[in-house]
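# Residue-level structure breakdown
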Amino acid sequence: MTTSSTPSASSAPFVSPRRAWARVASLLPGRADLDQARRDPRRDLLAGLTVAIVALPLALGFGVSSGLGAAAGLATAVVAGALAAVFGGSNLQVSGPTGAMTVVLVPIVGKYGPTGVLTVGLMAGVMLVGLAVLRAGKYMRYVPAPVVEGFTLGIACVIGLQQLPNALGVPKPEGDRVLVVTWRAVEAFANSPNWTAVALAAAVAVAMLLGARWRPTVPFSILAVIAATVVAQLAHLDAAKPIGDLPAGLPAPSLAFLDLGSLGSLLAPAIAVAALAALESLLSASVADGMTVGQQHDPDRELLGQGLANIAAPLFGGVPATGAIARTAVNVRTGAGSRLAALTHAALLAGIVFAAAPLVSRIPLAALAGVLLATAIRMVEVGSLRAMARATRSDALILVLTAVATLALDLVYAVIIGLVVAGALALRAVAKQARLDQVPLDHGDHSAEEHALLTEHIVAYRIDGPLFFAAAHRFLLELTEVADVRVVILRMSRVSTMDATGALVLKDAVEKLRRRGIRVLASGIRTGQRQVLDSVGALDLLRNEGGEYETTPEAIRAARDHLESSGVLAAVPVRSGTETSEKAAR
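Computed from a predicted model, the values in this text were never measured in an experiment.

Parameters and conventions
- Residues numbered from 1 in each chain as written.
- Predicted model: local features only at pLDDT ≥ 70, side-chain atom pairs only at ≥ 80, totals over all residues.
- Heavy atoms only, no water.
- Helix = DSSP H or I, 4+ residues; strand = E, 2+ residues; numbered from the N terminus.
- Rg over C-alpha atoms; globule rule 2.2 N^0.38 Å.
- Buried < 20%, exposed > 50% of the residue type's maximum accessible area, 1.4 Å probe, protein only.
- Contact = heavy atoms within 4.5 Å.
- Lys, Arg positive; Asp, Glu negative; His and termini not counted.
- Charge placed at Lys NZ, Arg CZ, Asp CG, Glu CD.
- Polar contact = N/O pair within 3.5 Å; in protein donor to acceptor, adjacent residues only side chain to side chain.
- Phe/Tyr/Trp six-rings, centres within 6.5 Å; stacked < 30°, edge-to-face > 60°.
- Expected span 1.5 Å × (residues − 1).
- 1 Å grid on protein atoms, 1.4 Å probe; cavity = no way out; pocket = protein on both sides within 12 Å on 5 of 7 lines; lining within 4 Å.
- Points joined across faces, edges and corners; volume = space filled by probe spheres on them.
- Nonpolar A, V, L, I, M, F, W, Y, C, P; charged D, E, K, R; others polar.
- Core = buried A, V, L, I, M, F, W, Y, C linked by side-chain atoms within 4.5 Å.
- Arc of directions from axis to C-beta.
- Salt bridge = Lys/Arg side-chain N within 4 Å of Asp/Glu carboxyl O.
- pLDDT = per-residue confidence, 0-100.
- Axes fitted to C-alpha atoms, helices over the stretch in contact; angles between N-to-C directions.
- Parallel < 35°, antiparallel > 145°, perpendicular 65-115°, else oblique.
- Patch = residues over 30% accessible without salt bridge, like charges linked within 9 Å, V, L, I, M, F, W, Y side chains within 5 Å.
- Areas by Shrake-Rupley, 256 points an atom, 1.4 Å probe, with all protein chains shown as cover.
- Left-handed = near helix turned anticlockwise from the far one by under 90°.

So, about the overall build of the chain. A count of helices and strands for the chain gives 26 helices and 8 strands. Computed over the C-alpha atoms, the radius of gyration of the chain is 33 Å, more than 25% above the 25 Å expected from 2.2 N^0.38 for a compact globule of 586 residues. Seen through its principal axes, the chain has C-alpha atoms that stretch 120 × 65 × 50 Å. Counting all 586 residues of the chain, 48% fall into the buried class. Long-range pairs, those at least 24 residues apart, make up 83% of the contacts in the chain between residues at least 6 apart in sequence. Within the chain, one finds 49 positive and 42 negative side-chain charges whose respective centroids are separated by 7 Å.

Attention now moves to the side chain of His297. Secondary-structure assignment places His297 in the loop between α11 (267-290) and α12 (299-312). A distance of 2.6 Å separates polar atoms of two side chains, one belonging to His297 and the other to Asp289. Each residue touching His297, except ones within four places of it in the same chain, is listed here: Gly89, Ser90, Leu282, Ala285, Ser286 and Asp289.

Turning to the environment of Phe468, a few remarks are in order. Mapped onto the secondary structure, Phe468 falls in the loop between β4 (458-467) and α21 (469-480). Along the sequence, Phe468 and Met498 sit 30 residues apart, while their C-alpha atoms lie 5.2 Å from each other. Beyond its immediate stretch of four places on either side in the chain, Phe468 contacts Leu427, Val430, Ala431, Asp499 and Gly502.

Turning next to the packing of aromatic side chains. When we look at a pair of aromatic rings, we describe it by the centre distance and by the angle of the planes. Evaluation of the coordinates by the stated rule reveals 2 aromatic pairs. Geometrically, the ring pair formed by Phe189 and Trp195 is edge-to-face, given 5.1 Å between the ring centres and 85 degrees between the ring planes. Arranged with centres 6.2 Å apart and planes meeting at 45 degrees, the rings of Trp214 and Phe220 form a pair that is tilted. A residue is classified by how much of its surface remains accessible, and Trp214, at 58% relative accessible area, is exposed.

In a regular helix each residue adds 1.5 Å, so 14 residues correspond to 20 Å; helix α25 (residues 552-565) covers 20 Å between its end C-alpha atoms and thus fits that length. Residues of α25 that are buried include every one of Thr552, Ala555, Ile556, Ala558, Ala559, Arg560 and Leu563, and no others. At the exit of α25 stands Gly567, carrying a positive phi of roughly 85 degrees.

Taken as a whole, the largest pocket spans an internal volume of roughly 1,400 Å³. In terms of residues, the lining of the largest pocket owes the most to one element, helix α13 (residues 325-333), which gives 6 residues. A breakdown of the residues in the lining of the largest pocket according to their chemical character gives 27 nonpolar, 10 polar and 7 charged.

The next subject is the nonpolar core. Leu60, Phe151, Ile243, Leu246, Val273, Ile363 and Leu411 are the most contacted members of the largest nonpolar core, which has 85 residues in total. Top element by residues in this core is helix α5 (residues 99-133). It accounts for 13 residues. In this structure, Val273 is in contact with Met101, Val104, Leu105, Ile108, Val120, Ala124 and Pro320, ignoring residues within four places of it in sequence. Residues Val482, Met492, Leu513 and Leu533 belong to the second largest nonpolar core, which totals 32 residues.

Let us look at the environment of Ser65. Mapped onto the elements, Ser65 comes out in helix α3 (residues 41-66). Setting aside residues no more than four positions away along its own chain, Ser65 makes contact with Thr102, Val106, Gln162, Gln163, Lys172 and Leu372.

Before going further, it helps to examine helix α22 (residues 500-515). The end-to-end C-alpha distance of α22, which contains 16 residues, comes to 23 Å, matching closely the 22 Å that a straight helix rising 1.5 Å per residue would cover. If you check which residues of α22 are buried, you get Gly502, Ala503, Val505, Leu506, Ala509, Val510 and Leu513. End-on view of α22: buried residues confined to an arc of 160 degrees, all on one side of the axis. Looking at where α22 begins, the residue whose side-chain oxygen comes 3.3 Å from the main-chain nitrogen of Thr501 is Asp499. Looking one or two residues past α22, Gly517 carries a phi angle of roughly 80 degrees, positive in sign.

Let's shift gears to the pattern of salt bridges. One pass over the full model with this rule turns up 10 salt bridges. A salt bridge links Asp300 to Arg135; its shortest N-O distance comes to 3.9 Å. Of this pair, Asp300 sits in helix α12 while Arg135 is found in the loop between α5 and α6 (145-162), placing the two residues 165 residues apart along the sequence. You can call Asp300 buried: its relative accessible area is 10%. Judged by relative accessible area, Arg135 falls into the partly exposed class, the value being 25%. A salt bridge links Asp464 to Arg494; the nearest nitrogen and oxygen atoms lie 3.9 Å apart. Note that Asp464 is positioned in strand β4 and Arg494 in the loop between β5 (487-491) and β6 (495-498), a separation of 30 residues in sequence. Counted as one network, the salt bridges with shared partners bring together Asp33, Arg301 and Arg339.

Across the chain, the average pLDDT comes to 83, with 90% of residues at or above 70. Here residues 1-13 is a poorly scored stretch, pLDDT under 50, and it has 0 contacts once near neighbours within four places are set aside; other chains count. Long-range and interchain partners of residues 571-586, a stretch whose pLDDT sits below 50, account for 11 contacts in this model, where long-range means more than four residues apart.

Glancing now at the packing of α3 against α5. Where α3 contacts α5, the axes come no closer than 8 Å and their chain directions differ by 25 degrees. One element, α3, and the other, α5, form an angle in the roughly parallel class. Residue-level inspection shows Phe62, Ser65 and Ser66 of α3 in contact with α5, the latter providing Gly99, Thr102, Leu105, Val106 and Val109. By residue class, the composition of the contact of α3 with α5 is 4 nonpolar, 4 polar and no charged.

Before going further, it helps to spend a moment on a nonpolar patch on the surface. Taken together, the side chains of Leu409, Tyr413, Ile416 and Val420 define a hydrophobic patch exposed on the protein surface, amounting to about 400 Å² of accessible area. Mapped onto the secondary structure, Tyr413 falls in helix α19 (residues 411-433).

The next thing to look at is the packing of α6 against helix α18 (residues 393-408). Their axes nearest at 7 Å, the elements α6 and α18 cross at an angle of 30 degrees. Between α6 and α18, the angle falls in the class roughly parallel. For the element pair α6 and α18, the recorded crossing hand is right-handed. Across the interface between the two elements, Pro146, Val147, Glu149, Gly150, Phe151, Leu153, Gly154, Ile155, Cys157, Val158 and Leu161 of α6 pack against Asp395, Ile398, Leu399, Thr402, Ala403, Thr406 and Leu407 of α18. Partitioned by chemical class, the residues of the contact of α6 with α18 number 12 nonpolar, 4 polar and 2 charged.

Now the structure itself:
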């Protein structure tokens, strides 16, 4: 008895420590990253400066919107931005707090408080590292474009609505549903209008939107925020509530926020945060690749970078982070060529935290609300939405459902709904490709009279496309409605795929036809389909009566022989004695 060296099935899933380490090591930064950073450091430093100027008001605004405060947004931009730049899979990606993540975090803050958010971020970071080691990055590319466009539209609406309390100058009402909070904020403003806050928010938003059209390379966001802050200070506008005190530096790393007893209840929110971080980061990296020539991100390494960033950010009081599409686009447009640009952006923001915290603390909340309102408006790509809506009804339906679900429910449910609907519609479209067509019998060596008689008793069907659960029952209905014939030939060489449901339905159809006295023959069964047919007993059912043939002509000859042996073709007229003797011999 020989002993096989092949690992057993039970041991196959386990990976040796050496192989596991090699997998992890392949995701870590290498010398190539350092060499690329040395190619044009001046250009990268300039790009990093520009991105930092754009990122500052966004980091402050998203920190405030998340419920943890402006300091949390800055800590996230510094810590997560630096780690994701070093360990991420894209040379051009810029990471930090984002509007999409804020949408998910607001209900978590309302239910579990700030410590819940920090714990969720840490758990999500561990999950992302696990996904990177499992090489799961490639699966993110299967998210349909209408789902991406739909939740982007929904996120833009949610971000805009979240800013209304600060833009209207009213305290943020209680609640975690954005529509409810928005309505309460409007009611509070109607009772006690704050036109100063409205004017500051509107001025900043208009300056950003018009400035982007006039001079796209100029960072109008920071200029507008500085102008609004100066006006509020000089005019002593008490109605323009400022951010408030900021710490002069990052806090010492700590795990004091971690509550081991709450880990179970925070698992679902952590999965949602990890899924969003993976999806948005890989989408942002893909956008960066599309804006350049020769750049290609590593999705698994990007997951590792985002995972490490989200593990570290909560230790410094930061919120969960993702790749930021807007900041990444600015980075690319300003000429960044390596990770040095994103790293510079994080370093400059750290300098601002240490050196300019008192000045930053005077920025009016209404001005930050204006920045985020303009950002929400710019997130909506009207051309892309119009193209997606005009593509097919299915694409338009998926887009609208995802956007509405994002607004009415939350982002994770919205993505799940979008994926489920997209999958169902895709299956429906694929199922429609499966056809059961009656095809004429080949004349072969038959006379015209014999062929006419054959067609009265033999019918041939060609199965085209996939025979799987979504199309199988329609196939059964069509096949069992065959008229009163003696033999049915199934030409199966064009069946593209078959699952167990398809095989069972085929078996059921053959049995129903046999009970009606109709013999079923099959031709052209492909190798990949034999295992499925054999597993449900359909192959044996065909073989028992000699009903499986390599080619269709062989099946037709077998059907003719069956009809002759049963006496159906005994009266076929012949043209010569030779044909008569040949038929008698058979």
